[in-house]
Amino acid sequence: MQDTITVTPAQQQRAMWLSTFAFTVCFAVWTIFSIIGIQIKKDLGLSETAFGLLIATPILSGSLTRLFLGIWADQFGGRLVLTLVMLCAAVATWMLTWAHSYPQFILGALFVGLAGGSFSVGVAYVSKWFPANRQGTALGIFGAGNVGAAVTKLIAPMIMVAAGWMMVAKVWAIAIAVVAILFYLFSQDDPSLAERRKTGAKPMPFREQMAPLRNIQVWRFALYYFFVFGGFVALALWLPHFLTGAYGLDIKTAGLFAAAYSIPASLFRIVGGWLSDKVGARTVMYWTFGVSALCTFVLSYPDTHYIVKGINGDIHLHLAIGLIPFTVLVFVLGFFMSLGKAAVYKHIPVYYPNHVGSVGGVVGMIGGLGGFIMPIAFGAMNDLTGVWTSCFMLLFLVVAAALAWMHFAIRRMERANFPQIGNVTDLPEIINAAKADQVLAGAGR
């Protein structure tokens, strides 16, 4: 593989920013049902569960294809694969305007989901242009293309109100097709592909690329991403519907308030990548899971009326989260989830530098499946419980499980590396002291 030192800064910047722009448009297309699905739900008279399945279906196909697309990006080059993915998504998005029944919309949504597979392609492509100590920042900037969800929430409602949901689909299809052509014209093949073509070397065999997936660590990273990315996608799809139902907002206003979640959950991924390079991805993950657990716990509390039997009669209490506090909480939640998304992908090129496509693909696939499973679960829980905040109850359980697994895995590694510490490993200075003792003991021998 060609050393990234031979790559010029201008080439690095071109690859990173072109990929980020392309991914932004892909993500806008991937989440198109978060807006047009609301009108389709009304037209077809869908239940909450059926609506959840409709908006989640593109997430399913986009997730399942990430593993293979990531591997193909390693084998054939991210430039070609990403271009083809965008062109296929453009055709599928235009074909939505031909659908009339629920099964037809589900089928169309499956093919629209190809746009979401662009993520693993972009990760494999961008990471090859940067050295390890800068990959966190570069991939953080690329991942900020998640802001495409906010683009859909801000612009699509206005187009849908003015000209109908079909016009939204047509505009989004044309946009992603144009970007695909521009990306191919102005981008370059990644250094490793160029080097292979120069030397005639063959790409890594499929079986060898899949070898790291035997490690439990890869699946632990996948659970992290199931929450930080899958939860982000699920809420990005669900919030417009949640706000129209729980707070009685119209679709345009709901889109604006939902953007207060999608924008920080996307753009601050850049900060997450930078922090992961500076203070370490593990530290950022602790921040992410700790604050997210607190936010989802508070957001889980339903609009409740209490009657307290007082000394002088009944005391009526009403506990509920108003629209503004709700918006603030989801902004904070989105901010820390964005840090976590970057931190997860900081791990992958460091631990698996020669398997970014396969490992990044499977982590992205599991994360994307979270974006598929959770909206359906949100709808089912609404149907079963009749409580709007049940979606945040589920998110709290997921983040609590991820935090527990991460913490106990880290403690296990600490005890394996420093058995003399025992159970006292909470303070970093203790670990540093243990290291110093090992050095002195070695010198004494």
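Just so you know, these numbers come straight off a predicted model, no measurement behind them.

Enquirer: Just checking my understanding: could you explain the overall build of the protein chain for this structure?
Expert: Scanning the protein chain from terminus to terminus reveals 21 helices and two strands. For the protein chain, with 445 residues in total, the buried portion stands at 54%. Across the protein chain, every contact between residues at least 6 apart in sequence was considered, and the portion connecting residues at least 24 apart equals 81%. When the accessible surface of the protein chain is summed, it comes to about 18,700 Å², and 70% of that surface belongs to carbon and sulfur atoms.

Enquirer: Explain the packing of aromatic side chains to me, please; I cannot follow it from the model alone.
Expert: Geometrically, a pair of aromatic rings is defined through the distance of the ring centres and the angle of the planes. Scanning the model with the defined rule gives 28 aromatic pairs in all. Ring geometry for phenylalanine 227 and phenylalanine 289: centres 6.3 Å apart, planes at 65 degrees, overall edge-to-face. With a gap of 62 residues between them, phenylalanine 227 in helix α12 (residues 216-228) and phenylalanine 289 in helix α17 (residues 281-299) connect regions that are remote in the sequence. With respect to class, phenylalanine 227 is no different from phenylalanine 289; both count as buried. Geometrically, the ring pair formed by phenylalanine 335 and phenylalanine 336 is edge-to-face, given 5.0 Å between the ring centres and 90 degrees between the ring planes. Judged by its relative accessible area of 22%, phenylalanine 335 is partly exposed. Above the ring of tyrosine 184, the side-chain terminus of arginine 79 is found at 4.1 Å from the ring centroid.

Enquirer: Even after reading the chapter, I still don't get the environment of glycine 45, so can you show me in this structure?
Expert: Tracing the backbone through its elements, the reader meets glycine 45 in the loop between α2 (33-44) and α3 (48-76). Sequence separation between glycine 45 and tyrosine 102 is 57 residues; the distance between their C-alpha atoms is 10.0 Å.

Enquirer: Can you walk me through the packing of helix α1 (residues 9-30) against helix α9 (residues 165-186) in this structure?
Expert: Helix-helix packing: each pair is described by the crossing angle between the helix axes and the interaxial distance. Axis separation between α1 and α9 bottoms out at 10 Å; the angle between their running directions is 165 degrees. When the interaxial angle is binned, α1 and α9 end up roughly antiparallel. When the axes of α1 and α9 are compared, the crossing they make is left-handed. In contact with Arg14, Leu18, Ser19, Phe21, Ala22, Val25, Cys26, Ala28 and Val29 of α1, α9 contributes Trp172, Ala175, Ile176, Val179, Phe183 and Phe186. The residue inventory of the contact of α1 with α9, partitioned by class, reads 13 nonpolar, one polar and one charged.

Enquirer: Please clarify how the pattern of salt bridges should be interpreted in this entry.
Expert: Side chains that differ in charge, positive against negative, can pair when their charged atoms come close. The tally for this structure, following the rule as stated, stands at one salt bridge. The partner of aspartate 189 in a salt bridge is arginine 79, and the shortest N-O contact between them spans 3.8 Å. Here the residue aspartate 189 occupies a position in the loop between α9 and α10 (191-199), and arginine 79 occupies one in helix α4 (residues 78-95), the gap between them amounting to 110 residues. For aspartate 189, a relative accessible area of 24% gives the class partly exposed.

Enquirer: Which parts of the structure should I look at to understand the pairing of strand β2 (residues 313-319)?
Expert: Look at any regular strand and the pattern is simple: side chains alternate between the two faces of the sheet. Here strand β1 (residues 304-310) pairs with β2 via seven bridges, running antiparallel. Bridge assignment links threonine 304 to a residue of β2, and that residue is leucine 319. Hairpin connection from β1 to β2: two residues lie between these consecutive antiparallel strands.

Enquirer: Please explain α12 as it appears in this structure.
Expert: Side chains that are three or four residues apart share a direction in an α-helix, a result of its 3.6 residues per turn. The end-to-end C-alpha distance of α12, which contains 13 residues, comes to 19 Å, matching closely the 18 Å that a straight helix rising 1.5 Å per residue would cover. Most of α12 sits out of view: ten of its 13 residues are buried. Looking at α12, one finds that the buried residues are Gln217, Val218, Arg220, Phe221, Ala222, Tyr224, Tyr225, Phe226, Phe227 and Val228.

Enquirer: Any chance you could explain the confidence of the model for the protein chain here in plain terms?
Expert: When pLDDT drops low, the exact placement of atoms in the prediction is not to be read closely. When the pLDDT values of the protein chain are averaged, the result is 81; 87% of them are 70 or greater. Mean pLDDT in the protein chain bottoms out at helix α21 (residues 428-444), which sits at 54, and peaks at α9, which reaches 94. Per-residue pLDDT stays below 50 along residues 1-5; that stretch engages in nine contacts with residues further than four places along the chain or on separate chains.

Enquirer: How should I be thinking about the packing of α3 against helix α13 (residues 230-246) in this particular structure?
Expert: Contact geometry of α3 with α13 gives a least axis separation of 11 Å together with a crossing angle of 140 degrees. Considering their axes alone, α3 and α13 lie oblique with respect to each other. Helix-helix and strand crossings are classified by hand; for α3 and α13 the assignment is right-handed. Of α13, the residues touching α3 (which contributes Glu48, Phe51, Gly52, Ile55, Ala56 and Ile59) are Val233, Leu237, Trp238 and His241. Here the residues of the contact of α3 with α13 are counted per class, giving seven nonpolar, two polar and one charged.

Enquirer: Explanation requested: the side chain of threonine 93 in the structure shown.
Expert: Structurally, threonine 93 is set in helix α4. A relative accessible area of 0% places threonine 93 in the buried class. Leave out the neighbours within four places in its chain, and threonine 93 touches Val29, Ile32, Val112, Ala169, Trp172 and Ala173.

Enquirer: Any chance you could explain the environment of phenylalanine 297 here in plain terms?
Expert: Within the element layout of this structure, phenylalanine 297 appears in helix α17. Between the C-alpha atoms of phenylalanine 297 and leucine 397, which are 100 residues apart in sequence, the distance is 9.1 Å.

Enquirer: Please clarify how α2 should be interpreted in this entry.
Expert: Counted at 1.5 Å a residue, the expected span for α2 with its twelve residues is 16 Å, but the 14 Å between its end C-alpha atoms falls short. Taken residue by residue, α2 has Phe33, Ser34, Ile35, Ile36, Gly37, Ile38, Ile40 and Lys41 as its buried positions. If you follow the buried residues of α2, they end up packed against α3, α5 (102-112), α8 (148-163), α9, α13 and α14 (251-262).

Enquirer: How should I be thinking about the side chain of threonine 31 in this particular structure?
Expert: Take threonine 31: it is sitting in the loop between α1 and α2. In this structure the side chain of threonine 31 is engaged in a polar contact, spanning 3.0 Å, whose partner is the backbone oxygen of phenylalanine 27. Excluding its chain neighbours within four sequence positions, the residues that come into contact with threonine 31 are Gly148, Ala149, Thr152 and Leu237.

The rules behind the values
Residues numbered from 1 in each chain as written. Predicted model: local features only at pLDDT ≥ 70, side-chain atom pairs only at ≥ 80, totals over all residues. Heavy atoms only, no water. Helix = DSSP H or I, 4+ residues; strand = E, 2+ residues; numbered from the N terminus. Buried < 20%, exposed > 50% of the residue type's maximum accessible area, 1.4 Å probe, protein only. Contact = heavy atoms within 4.5 Å. Areas by Shrake-Rupley, 256 points an atom, 1.4 Å probe, with all protein chains shown as cover. Phe/Tyr/Trp six-rings, centres within 6.5 Å; stacked < 30°, edge-to-face > 60°. Lys NZ or Arg CZ within 6 Å of the ring centre and 35° of its normal. Axes fitted to C-alpha atoms, helices over the stretch in contact; angles between N-to-C directions. Parallel < 35°, antiparallel > 145°, perpendicular 65-115°, else oblique. Left-handed = near helix turned anticlockwise from the far one by under 90°. Nonpolar A, V, L, I, M, F, W, Y, C, P; charged D, E, K, R; others polar. Salt bridge = Lys/Arg side-chain N within 4 Å of Asp/Glu carboxyl O. Pairing = 2+ DSSP bridges. Expected span 1.5 Å × (residues − 1). pLDDT = per-residue confidence, 0-100. Polar contact = N/O pair within 3.5 Å; in protein donor to acceptor, adjacent residues only side chain to side chain.

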